[in-house]
Amino acid sequence: MKSVCKVAVELIRSGRAHSSASARPLGGDMCKELKTKVLRLLPPTSNGPCVHHESQTDGAEILSCTAKALKEGHVVGVPTDTIYGLACLAQNSDAVRKTYDIKGRNGHNPLAICVGEIQDIYKYCKVKVKEELLSDLLPGPVTLVLERSEVLNKDLNPFTSIVGVRIPDHVFMRRLCQMCAEPLALTSANISSHTSPLAAHEFQELWPKLAVVVDGGPIGDQSRLGSTVVDLSVHGKYSIIRPGCALSSTVDVLEHKYGLSEEPWEDGPLKSPHAETHAKR
């Protein structure tokens, strides 16, 4: 996991898009026109500290710039522990609508929320499992579907009483949520039905519609399966909505450690348009 204090940023501004040797030509042209900021997170070197260049600064600037864009109502592209995502403030209805427009997403397919800490889940969801269970699965490549609380923006997934919540195992994303002090609406950074991206250049076609793109390099998990989505909104039961990349370890925790019994999603009470759309991310 990258440490935020050890990452560096390369800022490709619109006026420098053509002069930057590291800017990809296509992305540079697109960003020049619409003033998208492309922020490049660089991993630490094998010797520990980063090698700094004139165009680089510390990770705090990346966080500050991205959080500022989110608070201004923009949509941003960010890395997570599974795939690249589009994020906006979940409590901002206009930003949520922008996210749907950018993806060309069906309005009845829900967005998950992303928070920074386990305790944040209790504000936006009604939790029916032990806190220890949450801590065993999160942070990690798992989306937990829970009953939503009244605090969550009513314009976010207004067609359902449940919501998927994530805490990615990604320092940058967790810190970003903490800086915004509210949940992010999170979905894959692609046109709906297209392949989920594992690198920033794979969703260059969306860059012109984003205020900030954080390039964290290639995602380590090459499966493109996204997070495992599990419904925990029914006491004592769980239903797998999407197998994702962490199915085996998730089921092991739910069944062997906490004694939950599986209720097949296709045949159980969760078989409804509301639950079904959580699988279409």
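Rules and cut-offs
Residues numbered from 1 in each chain as written. Predicted model: local features only at pLDDT ≥ 70, side-chain atom pairs only at ≥ 80, totals over all residues. Heavy atoms only, no water. Buried < 20%, exposed > 50% of the residue type's maximum accessible area, 1.4 Å probe, protein only. Helix = DSSP H or I, 4+ residues; strand = E, 2+ residues; numbered from the N terminus. Arc of directions from axis to C-beta. Contact = heavy atoms within 4.5 Å. Polar contact = N/O pair within 3.5 Å; in protein donor to acceptor, adjacent residues only side chain to side chain. Core = buried A, V, L, I, M, F, W, Y, C linked by side-chain atoms within 4.5 Å. Axes fitted to C-alpha atoms, helices over the stretch in contact; angles between N-to-C directions. Parallel < 35°, antiparallel > 145°, perpendicular 65-115°, else oblique. Left-handed = near helix turned anticlockwise from the far one by under 90°. Nonpolar A, V, L, I, M, F, W, Y, C, P; charged D, E, K, R; others polar. Phe/Tyr/Trp six-rings, centres within 6.5 Å; stacked < 30°, edge-to-face > 60°. Pairing = 2+ DSSP bridges.

A. Representation of helix 6 (residues 171-180) within the structure. Those residues of helix 6 that sit buried are F172, M173, L176, C177 and C180. Angularly, the buried residues of helix 6 cover 135° about the axis, an arc narrow enough to put them on a single face. Residue A181 follows helix 6 closely and has a positive phi angle near 60°.

B. View of helix 3 (residues 93-103). Taken together, the buried positions of helix 3 are S93, A95, V96, T99, Y100, I102 and K103. Looking at the buried side of helix 3, the elements it contacts are strand 5 (84-89) and strand 10 (184-188). Of the residues flanking the start of helix 3, the one acting as N-cap is N92, its side-chain oxygen 3.1 Å from the backbone nitrogen of D94.

C. Structural context of the nonpolar core. Core analysis: the largest hydrophobic core is formed by 51 residues, its most contacted members being I121, L144, F203 and L232. L63, V76, V78 and L89 belong to the second largest nonpolar core, which has 23 residues in total.

D. Region of the structure containing the packing of helix 2 (residues 59-71) against helix 6. Running from amino to carboxyl end, helix 2 crosses helix 6 at an angle of 50°, the nearest separation of the two axes being 10 Å. Compared by their axis directions, helix 2 and helix 6 come out oblique. You can see that helix 2 and helix 6 cross each other, and the crossing is right-handed. The segment helix 2 lies against helix 6, with I62, L63, S64, T66, A67, L70 and K71 engaging F172, R175, L176, M179 and C180. Looking at the contact of helix 2 with helix 6, its residues break down into eight nonpolar, two polar and two charged.

E. Up close: the side chain of S149. Along the chain, S149 falls in the loop between strand 8 (142-148) and strand 9 (162-166). In this structure the side chain of S149 is engaged in a polar contact, spanning 2.8 Å, whose partner is the backbone oxygen of K123. Beyond its immediate sequence surroundings of up to four residues, S149 is in contact with K123, Y124, C125 and K126.

F. Focus on the environment of E117. Structurally, the position occupied by E117 is in the loop between strand 6 (112-114) and helix 4 (118-124). Separated by 58 residues in the primary sequence, E117 and R175 have C-alpha atoms spaced 9.5 Å apart. Dropping the residues within four chain positions of it, E117 is found in contact with I167, R174 and Q178. In this structure the side chain of E117 is engaged in a polar contact, spanning 3.3 Å, whose partner is the side chain of R174.

G. Spatial organisation of the packing of aromatic side chains. Evaluation of the coordinates by the stated rule reveals one aromatic pair. Ring centres of Y84 and F203 lie 5.7 Å apart, and the angle between their planes is 45°; on these two criteria the pair is classed as tilted. Highlighted residues: Y84 in strand 5 and F203 in the loop between strand 10 and strand 11 (212-215), separated in sequence by 119 residues. In this structure, Y84 and F203 share a single accessibility class: buried.

H. Focus on the side chain of S196. Looking at the secondary structure, you find S196 in the loop between strand 10 and strand 11. Given the relative accessible area of 13%, S196 is considered buried.

I. Summary view of the pairing of strand 4 (residues 76-79). Burial along strand 4 is two-sided: the face carrying V76 and V78 and the face carrying G77 and P79 are both buried. Taken together, the four bridges between strand 4 and strand 5 define a ladder with antiparallel strand orientation. Paired with V76 across the strands is A87, a residue of strand 5. Linkage of strand 4 to strand 5, two consecutive antiparallel strands, is achieved through a turn of four residues. The pairing of strand 4 with strand 11 spans two bridges and is parallel. Pairing of V76 across the sheet is with V212, part of strand 11.

Purely spatial values, then, with no claim about function.
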